[in-house]
Amino acid sequence: MVRQTTQALDAESLQIFVRYAGRDSSLALLADPWETVWSMKERLLGRLDAAGSCKDMWVAHAGRACLDEASLATAGVREGSSLELCARVRGGGGDGGSTGAESRSSFLEMYARKKPAKANPLEDKLARWTTCQLSGERLAPPVVADELGHLYNKDAVVGALIAKALPPGLAHISSLRHLIDLRLARNPNYAGQSAASAADFQPGNGADWACPVTGLVLNGRYRFAVLRGTGLVVSEKALKEVPAAVEELVGGAWSPTDVLPLNGSTEEAGEVVPMHATKDIWASIFTSSRPEVKETYGCRALSSRGL
């Protein structure tokens, strides 16, 4: 039966009707059943005053798109069939945007990879003031600071020194002489709540320690310093506005060279030179203290020749 149908189609041409988008009437067209859809489009564009080329058009039959390389018979076109010639829609707009994916699997892989969560800078700042920078545990007496102003639980540092397990980033701590024992004042208004609010997981204002002079909390929102000779931790506001009260706590006058900023910037740490270290050598370990050398055309040319 299929053979007879094929022979019948071979014997005569088909009369089909093609509707072009934007026109009210259809165009009658005689076509060979084994003519390709592409060839039919070329003939149609020759008779229609349509803008664009064959690549810009596609043919629909029975609600489905016809492949350009398929024959009319393969596409299911029969005598009296109605086809529609449509213009291709180029670019994005209304389709969700361009994804850059060349296949469906590539598109799905874009969303399969989990993006790393961004750290909250406030949480990072709070952690530097409330947790040990070595063990990650909450600060608990005895607390020490290194010569860069970073805070640690003394037991964690001592254990790492004994086991020789200090990470490379803490190579400047080779013995207990490089640590300052801190005198911290308890925060009387803190009842031991978690550092982050359980409701919105955002850092709170509470902390275990506070300035004994101003009452400012040691939570990263205010600048604090330690006086080397005594280990007293006070806010910079107390050092600037009520130095007499600080003298009363330390039992005498204090010098600006005794002040070490806690968790300060690289520049602040570079300005405070430890005992038995020269200013140039101490500053050389900080990249921000190195002078910027501008390369000129002349020096680049000489270096390329090995001079």
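Presented here is a report on the structure given in the accompanying data block. Quick caveat, the model's predicted, so the values are computed rather than measured.

A few words on the environment of Ser135. When you line up the elements, Ser135 lands in the loop between helix H4 (121-130) and strand S6 (143-146). Classification of Ser135 as partly exposed rests on a relative accessible area of 35%. Once the C-alpha coordinates of Ser135 and Asp155 are considered, the two residues, 20 residues apart in sequence, prove to be 9.8 Å apart. If near-sequence neighbours (up to four positions away) are discounted, Ser135 is found in contact with Asn153 and Ala156. From its side chain, Ser135 meets the backbone nitrogen of Glu137 in a polar contact 3.3 Å long.

Okay, the side chain of His61 next. Mapped onto the elements of the fold, His61 is located in strand S3 (residues 57-61). Judged by its relative accessible area of 11%, His61 is buried. One polar contact links the side chain of His61 to the main-chain carbonyl oxygen of Gly76, over a distance of 3.2 Å. Here His61 is in contact with Cys66, Ala75, Gly76, Val77, Ser81, Ser82 and Leu83, once residues within four sequence places are set aside.

Because side chains alternate across strand S1 (residues 14-20), one face comprises the buried residues Leu14, Ile16, Val18 and Tyr20, and the other comprises Gln15, Phe17 and Arg19, none of which is buried. Pairing of S1 with strand S2 (residues 26-31) involves six bridges; the strand directions are antiparallel. For Ile16, the partnering residue across the bridge sits in S2 and is Leu29.

If you trace the three strands from one edge of the open sheet to the other, you get S12-S11-S13, paired in antiparallel fashion. This sheet does not close on itself; its edge strands, each paired only once, are strand S12 (233-235) and strand S13 (259-261). Ignoring strand direction, the axes of neighbouring strands in this sheet form an average angle of 35 degrees. Pairing of strand S11 (residues 224-227) with S13 involves three bridges; the strand directions are antiparallel. Bridging from a neighbouring strand, Val226 pairs with Leu260 of S13.

What counts and what doesn't
Each chain has its residues counted from 1, following the order in which its sequence is written. The model is predicted, so local features are restricted to residues of pLDDT at least 70 and side-chain atom pairs to those at 80 or more, both for listing and for counting; the totals for chains, interfaces and linings are taken over all residues. Hydrogens and waters are ignored; side-chain quantities use all the structure's heavy atoms. Here a strand is any run of E in DSSP of at least two residues, a helix any run of H or I of at least four, and the numbering for each starts at the N terminus. Remark: exposure states derive from per-residue accessible area (1.4 Å probe, protein chains only) relative to the maximum for the residue type, with buried under 20%, exposed over 50%, and partly exposed in between. Pairs of residues are marked as contacts when any of their non-hydrogen atoms sit within 4.5 Å. Any N or O atom pair separated by 3.5 Å or less is treated as a polar contact, with the protein-specific requirement of one donor-capable and one acceptor-capable atom, and with residues adjacent in sequence counted only for side-chain atom pairs. When DSSP finds two or more bridges between two strands, those strands count as paired. As a rule, the C-alpha atoms of each element are fitted with a line to give its axis, helices using only the stretch in contact, and angles between N-to-C directions run from 0 to 180 degrees.

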